[in-house]
Amino acid sequence: MSELRWNPLLGEWTITATHRQERTFLPPANYCPLCPTQPGAFETEIPAPAFDIVVFENRFPSLQAVPPLPAVEGSALYPVRPAQGICEVVVYTDRHTTTLAEESIERIRRLILVWCDRFAELGAREEVAYVYIFENKGEAIGVTLHHPHGQIYAYPFIPPRIARQLAQAEQHRARTGRDLLGDILAAEQADGRRIVCENEAFVVFVPFFARYPYETLLVPKRPAAAIVDFDARERHQLAAILKTLLVGYDRLFGFSLPYIMALHQRPTDGRDYPYVRFHIEFLPPHRTAARLKYLAGSESGAGAFINDTIPEETAPRLRACCLER
């Protein structure tokens, strides 16, 4: 069963997908469904003995291209819709024990090309309003497969947190004539204390308003609304700064750091979004090597984040790890 149920308290859709209870959960390495299929061995999702980067539809999707009819009848208070959309898995490499941080800049550049391809193809579908590219890394985040991979959700609506960011950016544009993220970037560059790393085309910083101790924003210096708007030079620069940041994260506490990587870009619902600037959010849950930032009563119940650190102290620690050679 898979459907969309309207939450009138928050004004947003909840996706129900009961079949996801049966998805593969932390299998042993020799039964990893994202590894290549070897002759005479366990048959995986990828019927090839080796590969570069692979994309396929999720076997346990939250959204489906041809979804079943809702299991319940909706009402004026509780509207219900079919959970139409696409969920894809992006397997970064055929090597099981690596991470994106360990891959070359060239492989990361090729992954960016894959992201561009999927954004363009999925975003062109009439029913898709938002293409969300992301990675959940590490058991602390809740991953069910260790093999390095990301995901893409093509939603039939604009997700609520994205919608809230869009509304803030639109209001800022109407009030000032400028794009909000551009002004945030300028403020961070002028201050300098929270900058983690930068190159010709991109800047990474722990934002002034960080909710997690080592949360970062990766922002392009040139206004661009989506990943497909970057030229070849900028795609290479994006790959390079991603490599720098991910390696820095792993040096921070001396282990492969869990995180959520979330790409934010313009919706694909046919409207114009002149106030949108592409950016990537990184949300690592660790506040120390041994302690996690939990979303407890204030965060989950009230929606008000409490950060136990200040960005002016965490950014220099992460910056030092990114500069280390």
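My aim in this report is to walk through the structure given alongside it, one point at a time. (Residues numbered from 1 in each chain as written. Predicted model: local features only at pLDDT ≥ 70, side-chain atom pairs only at ≥ 80, totals over all residues. Heavy atoms only, no water.)

### Observations concerning the environment of Asp250
1) Next: As for its placement among the helices and strands, Asp250 is situated in helix α4 (residues 232-253).
2) Next: With 72 residues separating them in the primary sequence, Asp250 and Cys322 have C-alpha atoms 9.5 Å apart.
3) Next: Not counting the four nearest positions on each side in its chain, Asp250 is found in contact with Thr99, Ala101, Lys137, Phe255, Ser256 and Leu257. (Helix = DSSP H or I, 4+ residues; strand = E, 2+ residues; numbered from the N terminus. Contact = heavy atoms within 4.5 Å.)

### Some remarks on the pairing of strand β11 (residues 259-264)
1) Next: Burial of β11 is extensive: five of the six residues sit out of reach of the surface.
2) Next: In terms of strand pairing, strand β6 (residues 130-137) meets β11 through five bridges, oriented antiparallel. Note that in β11 the partner of Glu135 across the bridge is Met261.
3) Next: Here β11 pairs with strand β12 (residues 279-283) via five bridges, running antiparallel. Following the sheet pairing, Ala262 is matched in β12 by Glu281. (Buried < 20%, exposed > 50% of the residue type's maximum accessible area, 1.4 Å probe, protein only. Pairing = 2+ DSSP bridges.)

### Looking at the pattern of salt bridges
When the charged atoms of two side chains lie near each other, side chains of opposite charge can form a pair.
1) Next: Within this structure, the stated rule accounts for 27 salt bridges.
2) Next: With a closest N to O distance of 2.9 Å, Arg178 and Asp183 form a salt bridge.
3) Next: Looking at Arg178, the relative accessible area reads 44%, which means it is partly exposed.
4) Next: Note that Glu215 is salt-bridged to Arg211, the shortest N-O span being 2.8 Å. Summarising the burial analysis for this pair, Glu215 and Arg211 share the class buried.
5) Next: Taken together, the shared-partner salt bridges connect Asp52, Arg95, Glu103, Glu106, Arg107, Arg109 and Arg110 into one network. (Salt bridge = Lys/Arg side-chain N within 4 Å of Asp/Glu carboxyl O.)

### What about the sheet that holds strand β5 (residues 86-91)?
1) Next: The sheet built from nine strands is open, its strands ordered β3-β5-β7-β6-β11-β12-β10-β9-β8 with antiparallel pairing. Here the strands that pair on one side only, and so sit at the sheet edges, are β3 (54-57) and β8 (195-198). If you compare each strand with its neighbour and ignore which way they point, the axes differ by 20 degrees on average.
2) Next: With respect to the sheet, α4 is in contact with β6, β8, β9 (202-205), β10 (216-220), β11 and β12, its orientation differing from that of β9 by roughly 20 degrees.
3) Next: In the packing of helix α6 (residues 311-323) onto the sheet, the strands contacted are β8 and β10, and the crossing angle to β8 comes to about 30 degrees. (Axes fitted to C-alpha atoms, helices over the stretch in contact; angles between N-to-C directions.)

### Describing the pairing of β9
For a regular strand, side-chain orientation follows a simple rule: the groups alternate between the two sheet faces.
1) Next: With burial as the criterion, each face of β9 is covered, one bearing Phe202 and Val204 and the other bearing Val203 and Phe205.
2) Next: Bridge analysis of β9 against β10 gives four bridges, and the strand direction is antiparallel. Bridged to Phe205 within β10 is Leu217.

### Focus: the packing of aromatic side chains
1) Next: Considering all chains together, one arrives at 15 aromatic pairs under this definition.
2) Next: When the centroid spacing of 5.1 Å and the interplanar angle of 65 degrees are considered together, the rings of Tyr31 and Phe42 count as edge-to-face. On the criterion of sequence distance, the pair formed by Tyr31 in the loop between β2 (12-17) and β3 and Phe42 in the loop between β2 and β3 is long-range, its members being 11 residues apart.
3) Next: Tyr31 sits in the partly exposed class, given a relative accessible area of 44%.
4) Next: Judged by relative accessible area, which is 34%, Phe42 ranks as partly exposed.
5) Next: Seen in terms of ring centroids, Tyr155 and Phe157 are 5.4 Å apart; in terms of plane orientation they differ by 45 degrees. Their pairing is tilted. When sorted by exposure, Tyr155 lands in the same class as Phe157, which is buried. (Phe/Tyr/Trp six-rings, centres within 6.5 Å; stacked < 30°, edge-to-face > 60°.)

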